[in-house]
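# Observations on the model geometry
Residues per chain, in single letters:
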Amino acid sequence: MVSLTINHQSLQVPEGTTILEAAKSAGIVIPTLCYLKELNEVAACRVCMVEIEGSNRLMPACDTVAQEGMVVFTNSRRAREARKINTQLLLSRHDCQCPTCVRSGNCSLQDLAHDLNIIEVPFEKQIPKNTWNMDHPLNRYASKCIRCLRCINVCEKVQSLGVWALNGTGEYNKIEVKDGADFSAAHCALCGQCITHCPVGALVERDDTQQLLDAIDDPDKITVMQVAPAVRAAWGDTLGFTKEQATVKRMVAAFRALGVDYVFDTNFSADLTIMEEGSEFIERMTHPGEYPMPMFTSCCPGWVRFAKLEYPELVPHLSTAKSPQQMFGAVAKTYYAQLLGVDPERIFCVSVMPCTAKKYECSVPEVNDAGAGRDVDMVLTTREIGRLLRSVHVDIASLPEEEFDQPLGIGTGAAVIFGATGGVMEAALRSAYYLITGKNPDADAFQAVRGQEVKGWKAKTLEINGITVRIAVASGLGNARRLIEALKRGEVQYDFIEIMACPGGCAGGGGQPIQDGCELAGERGEKLYVLDKELPLRFSHENPAVLKLYEDFMEKPLSHKAHQLLHTDQTKWRL
Amino acid sequence: MPFDHFLTRRILKSTYVCEVKILAGEAGTDYKPLIEPYRQMRGGIIEALHALMRAYHFIPPKALKDLAKAFRMTEAEVYGVASFYSYFTTKEQGAYVIRVCRSAPCHLENAQGVMELLEKELGIHAGQTTEDGKFTLEWTECVGQCAHAPVYTINREPVTEPKNVFSEQIPLLLEQLRQN
Amino acid sequence: MNILLDGRPEEALRIHAYMLRGGYQGLKRARQTPPQQVIEEIKSSGLRGRGGAGFPTGLKLSFIPQQEDTPRYIICNLDEGEPGTYKDRTLCEHVPHKLVEGLAICAYAIQATQAFIYCRAEYPYLVDVLKQAINQAKQENLLENLDIELRMGAGAYVCGEESALIESIEGHRGNPRFKPPYPAGQGLWQQPTVVLNVETLCNVPFILREGADAFSSVGTPDYPGTKLITLNGDVEHRGCFEVTTGTPIKEIIETVGGGVRQGRALKAIQVGGSSGGFLKASQIDTPLDFAALQKAGGSLGSGAILVLDETRDMVDLCFNIADFYRKESCGKCLPCREGCYRGWQIIRKIQQHQANQQDVENLFLLLDVMKETALCGLGQSFYLPIQSCITLFEEEFQAKLRTEVGGGERIS
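Residues numbered from 1 in each chain as written. Chains lettered and ligands numbered in written order. Predicted model: local features only at pLDDT ≥ 70, side-chain atom pairs only at ≥ 80, totals over all residues. Heavy atoms only, no water.

Turning our eyes to something else, we now look at the pairing of strand 9 (residues 304–309) of chain C. Residues and elements named next belong to chain C. Taken across its 6 residues, strand 9 has 6 buried, putting it largely inside the fold. Relative to strand 9, strand 5 (residues 226–233) runs parallel, the two being bridged by 4 bridges. Counterpart to Leu 231 in the pairing with strand 9 is Ile 305. (Buried < 20%, exposed > 50% of the residue type's maximum accessible area, 1.4 Å probe, protein only. Helix = DSSP H or I, 4+ residues; strand = E, 2+ residues; numbered from the N terminus. Pairing = 2+ DSSP bridges.)

A few words now on the pairing of strand 4 (residues 193–197) of chain C. The side chains of a regular strand alternate, residue by residue, between the two faces of the sheet. Residues and elements named next belong to chain C. Burial runs high along strand 4: 5 of the 5 residues are buried. Note: strand 1 (residues 73–78) against strand 4, 5 bridges, orientation parallel. Along strand 4, the bridge assignment pairs Tyr 73 with Thr 193.

The next subject is the environment of A:Ile222. All names here are of chain A. Within the fold, Ile 222 resides in strand 10 (residues 222–227). For Ile 222, a relative accessible area of 10% puts it in the buried group. Each C-alpha atom, one on Ile 222 and one on Ala 79, is 59 Å from the other, the two residues being 143 residues apart in sequence. Apart from residues lying up to four places away in sequence, Ile 222 is in contact with Asp 261, Tyr 262, Leu 340, Val 342, Arg 346, Ile 347 and Phe 348. (Contact = heavy atoms within 4.5 Å.)

On to the interface of chain C and chain B, then. Facing 52 residues of chain C, the contacting portion of chain B comprises 35 residues. Both faces combined, the contact of chain C with chain B buries some 3400 Å², and carbon together with sulfur accounts for 54% of it. Of all residues in chain C, the largest losses of buried area upon contact with chain B belong to C:Ala154, C:Arg173 and C:Arg238, amounting jointly to 16% of the total for that side. Connecting chain C to chain B are 3 salt bridges. Of the charged contacts, one joins B:Glu109 and C:Arg261 as a salt bridge, the two residues approaching to 3.0 Å between their closest N and O atoms. Linking chain C to chain B there are 22 residue pairs in polar contact (both at pLDDT 80 or more). Listed by contribution, the elements that provide at least two residues to the side of chain C that touches chain B are strand 3 (147–152), helix 8 (162–169), strand 5, strand 9 and helix 13 (314–328) of chain C. Sorting elements by how many residues they give to the side of chain C that touches chain B places helix 13 of chain C first, with 7 residues. Residues of the side of chain C that touches chain B, tallied by class, amount to 21 nonpolar, 15 polar and 16 charged. (Buried area = accessible area lost by both parts, 1.4 Å probe. Salt bridge = Lys/Arg side-chain N within 4 Å of Asp/Glu carboxyl O. Polar contact = N/O pair within 3.5 Å; in protein donor to acceptor, adjacent residues only side chain to side chain. Nonpolar A, V, L, I, M, F, W, Y, C, P; charged D, E, K, R; others polar.)

Our next topic: the sheet that holds strand 7 (residues 266–271) of chain C. The strands making up a sheet are joined through hydrogen bonds of the backbone, oriented either antiparallel or parallel. Residues and elements named next belong to chain C. In space, the 5 strands of this open sheet follow the order 6-5-9-7-8, with mixed pairing throughout. Only two strands of the sheet have a single partner each, and these edge strands are strand 6 (239–244) and strand 8 (278–280). Taking each pair of neighbouring strands and ignoring which way they run, the sheet shows an average axis angle of 30°. In the packing of helix 17 (residues 383–392) onto the sheet, the strands contacted are strand 7 and strand 8, and the crossing angle to strand 8 comes to about 25°. (Axes fitted to C-alpha atoms, helices over the stretch in contact; angles between N-to-C directions.)

A separate point is a nonpolar patch on the surface. Residues and elements named next belong to chain C. On the surface, Phe 55, Leu 59 and Phe 63 cluster together into a nonpolar patch covering about 260 Å² of accessible area. Residue position: Leu 59 is located in helix 4 (residues 57–62). Classification of Leu 59 by relative accessible area gives partly exposed; the value is 32%. (Patch = residues over 30% accessible without salt bridge, like charges linked within 9 Å, V, L, I, M, F, W, Y side chains within 5 Å. Areas by Shrake-Rupley, 256 points an atom, 1.4 Å probe, with all protein chains shown as cover.)

This paragraph deals with unusual backbone geometry. Looking along the chain, the bond that leaves A:Met293 and enters A:Pro294 is cis, with omega of 0°. Its place among the elements puts A:Pro294 in the loop between helix 8 (266–286) and strand 12 (295–296). Cis geometry marks the peptide bond from B:Ala149 to B:Pro150, where omega comes out at 0°. Looking at where B:Pro150 falls in the secondary structure, it is placed in the loop between strand 2 (135–140) and strand 3 (152–154). The phi dihedral of C:Gln111 is positive, around 60°, even though this residue is not glycine.

So, about the confidence of the model for chain C. Residues and elements named next belong to chain C. In the predicted model, chain C carries a mean pLDDT of 92, and 98% of its residues have values of at least 70. In this model, residues 406–412 is a region of pLDDT below 50 whose contacts with residues beyond four sequence positions or in other chains number 3 contacts. Across the interface, the model reports ipTM at 0.89; the global pTM reads 0.85. (pLDDT = per-residue confidence, 0-100.)

In this section: the packing of aromatic side chains. This model, assessed by the stated rule, comprises 32 aromatic pairs over all chains. Taking 5.3 Å as the distance between ring centres and 90° as the angle between the ring planes, the aromatic pair formed by C:Tyr18 and C:Tyr24 counts as edge-to-face. As far as burial versus exposure is concerned, C:Tyr18 and C:Tyr24 are alike and both buried. On the basis of an interplanar angle of 45° and a centroid distance of 6.1 Å, the ring pair of C:Tyr123 and C:Tyr125 is categorised as tilted. Exposure remark for C:Tyr125: the relative accessible area of 15% places this residue in the buried category. One aromatic cluster is present, built from ring pairs that chain together A:Tyr262, A:Phe264, A:Phe328 and A:Tyr336. (Phe/Tyr/Trp six-rings, centres within 6.5 Å; stacked < 30°, edge-to-face > 60°.)

A few words now on the domain arrangement of chain C. Residues and elements named next belong to chain C. When cut into domains, chain C gives domain 1 (9–216), domain 2 (226–309) and domain 3 (315–398). Computed over C-alpha atoms only, the centres of domain 2 and domain 3 are separated by 23 Å. Taken residue by residue, the interface counts 16 residues in domain 2 and 12 residues in domain 3. Each partner contributes to the roughly 1000 Å² buried at the junction of domain 2 and domain 3, and carbon and sulfur atoms together form 71% of this total. Run the count over domain 2 and domain 3 and you get 1 salt bridge. Note that Lys 267 and Glu 396 form a salt bridge whose closest N and O atoms lie 2.7 Å from each other. At the boundary of domain 2 and domain 3, one finds 3 residue pairs in polar contact (both at pLDDT 80 or more). Secondary structure elements with two or more residues in the side of domain 2 that touches domain 3: strand 7, strand 8 and strand 9. (Domains from an automatic or database assignment.)

Our focus in this paragraph is helix 4 (residues 150–158) of chain A. Counting buried residues in helix 4 of chain A gives 7 out of 9 residues, a clear majority hidden from the surface. As for helix 4 of chain A, its buried residues are in contact with strand 7 (164–167), strand 8 (174–177), helix 5 (193–197) and strand 9 (203–205) of chain A together with helix 5 (75–84) of chain B. A positive phi of about 55° marks A:Ser160, the residue just after helix 4 of chain A.

Structural data, given as structure tokens:
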């Protein structure tokens, strides 16, 4: 332990503690900007500067280790002035168009400027030009970038892709795509982790909200909405709701308040995915030598992009089953159009996703098979739907709760947990057990795959009726790479592997509401497990709507029709 | 002032000046053999980049990929390194890279005049390359030859002539290099 | 007194000539004493780093942990980027063996078996000279198990900063590291590392051969020995000279430099290259000494002395210096990246008669915050030359300021 004083307050902290952490433990707030624990400790923004007695310079609290006898002042005039000028320098290169920025009210730079009582910037404004092609699902405003390096580090350290790079020197240094090349040429998975780690509005998803409003206002269009599992764990954050206010049923009411015609649940098609993907897995397992093994899940488009870009040799290993989003679209524009008795062309299918890569996925020709435009016409992230909800000026908190529409609004607990890492695997195992043994396991029997590994992956070997199944679960593309490399080196062998591009799975998705400095994947994932537990149905194969779909339309899993609408040829889907 | 033959001979004989671009980096070029000697060297990427610069006078895009593989770095990292140092460039350069020093001691001795003369003679501005691909002209910081200010270098070889003759010397020297 | 530049330049690569002058005796003597004692000897000589910061060399060496099982490295900093400085090049060209010997002694003192010489890209012609010198020493079996590897820089001023230099050898962008940890604890590849300037190393053989007292009796007690200076600008004889510390700068300009060129009057000098402070003509009695120069508002730095005659435009020179910083800032930390640029911008405005008093005040705010919060020495040192230039030659800057129209007269 070392003893020091911060602002005349004596405290003891373990050796190696930074001044920032020490101050925090004593309830003293030191403003920070670029700092992200363990992810971005670059001490570049020089905002957290503090005065240390005996030192002729100010020191960055985030990167200075507390030493015995240190006397620290976090709020001295010197420190305040320096902080203020450094922030003003940042603002001189920032477009400061707060009223029209999606991060307004949730921006660390804005907060900092407010907290430091900055009401003017004495330096001439010099704003970098925006040259980004805003048609990409992922957009970047050079005019807002503060060069904190977080995007670089999260992409490099967590996702192992290194799409972003700091190029050039001095005032000319800027964050660019790799060698300054066009973004579409970069090996970007579109996971959106750089967006959720950006302290300002420099990295954002493409805003598609107007498209939905146009569709709602078009009398010829029937707007059909699907809501991904992970959205329900986070949507309330965009409105500052408490847990009690942000219930699933109130979410349904809120989305209906937007004016969409039908609010359905992606859980329905997640159950359908389990039926198809689970059957595919059993088919692959029981016909050794006929199919490439192990089989990888393919419901995460970030992961699919990663696999196709970085490990093209793995493409035949990807499950041919489409993602729940795309299955839903295919069903909505065929089966459901028939149920409604309308021309599928009139159906406008919108999905609300915790994900930026889904915006890309819905545009891929190889996953559009219903023959009525795109199967999913557009995708909104959780953040975008939050913005839309604010814009309708309805007191959502006091809306009475409502149910999903039927029949595509029925989902099981197995589907809800798709939103957390390990969820797809657990749901698949629940049904695979049933398919192999003919009876249900305990719904919580496969809990071992839950939870996030920071570095590495979860693996387990199961025995079901004498069949040995070796499974692995990884979230975060850096972990995916570790797993694949270990597979390639022959160190490990698996039969079935679930991979999610975002750490913690969709709960921590790149389209989820942002709370700067907090990793919320775990907390949001927990909410999903609670929902699973509360639901009466916890097995995909018991979803009555899915069973009815097979009975009336799809026939059975892996049928000809299912292959046509619910599967894709992974080798033809190229980037 | 007569033409200084000794100076020209020295410049033309300099190994660094002779380090002219003899290779044209193209799409199909394999850069691995050039990189190989530095692959096992810890931190050898800087030396490998120097080797590429000597051979091609720039870092071709494909070489970045080869470097990334050889040193187990991402391409973004390699580019980040290459773009940090002013002696590395991913832009094609001429056979003779002329750098005019603009640091204080040379600045005081009319480095601007030297640059203007070179710009006039070559018909390009600082930062550009002549159309025939022979010359690239740029500013540089102190090259450590201040006693001879103003100084410029040709492929890193300092040209340290008495300052009052540069106006006569430069056209002749350039002509010699052009024919070389 | 010549401690450094002895011998004839044409004998630079004749190892036997060097040995006849007593060369490699220091190394021999060092090897006969325990490493710890070598460090003690250097410590008591009072030798201070010649790169600019003036840190006591013996103390720096003593920071390297003594247990032998961890690898440790010694690096010779030949990334002489400070504008107007070429003393290290001169040493390499004239007495390369002195460098090799100094490096070998210090390597022995910290028990390192791997040394690096980090040579700036602008000096490719030194590579051959140094390689030959190293090979000659090897052939004479003088280096024992020490391996000296040459690494090239690639044109980044900031790599002269020791932690940036280490990053560069590791093959990264030369972004300075935050200190602590200092290189002595976690340097090259996270191992204990000592980085020493060429001139510092070249002083070491003398200390070991003649003894610490012989060294400390030369020059001023606070900064003993000699110092290589490079005289630039408006003097009759420009060049690199060895001067005993404590010599008044006036004497250096007049005797070694032959006085101000064309008989003009002296206006100012800048000691320490572009990161050094300015001194007025009236201050040139200041002795060439670390503390004395600091007291006078300047700095000894690398030892480059830029002499300016009465005709020089200080605003123009100030702009040139700011331009240098703007281009050499690595851009990692905000105060340096933006501060150098904004400072440059304001000085350009002054030069173009576009600035007002408020701009100058903003400039001083910037300078203060850069000195206090920049991550490495580059950003921190922007303060001294700019601040001293503007303060000492205020009238020249004031004359270029715009007085506000319609705002009444400014009272200053």
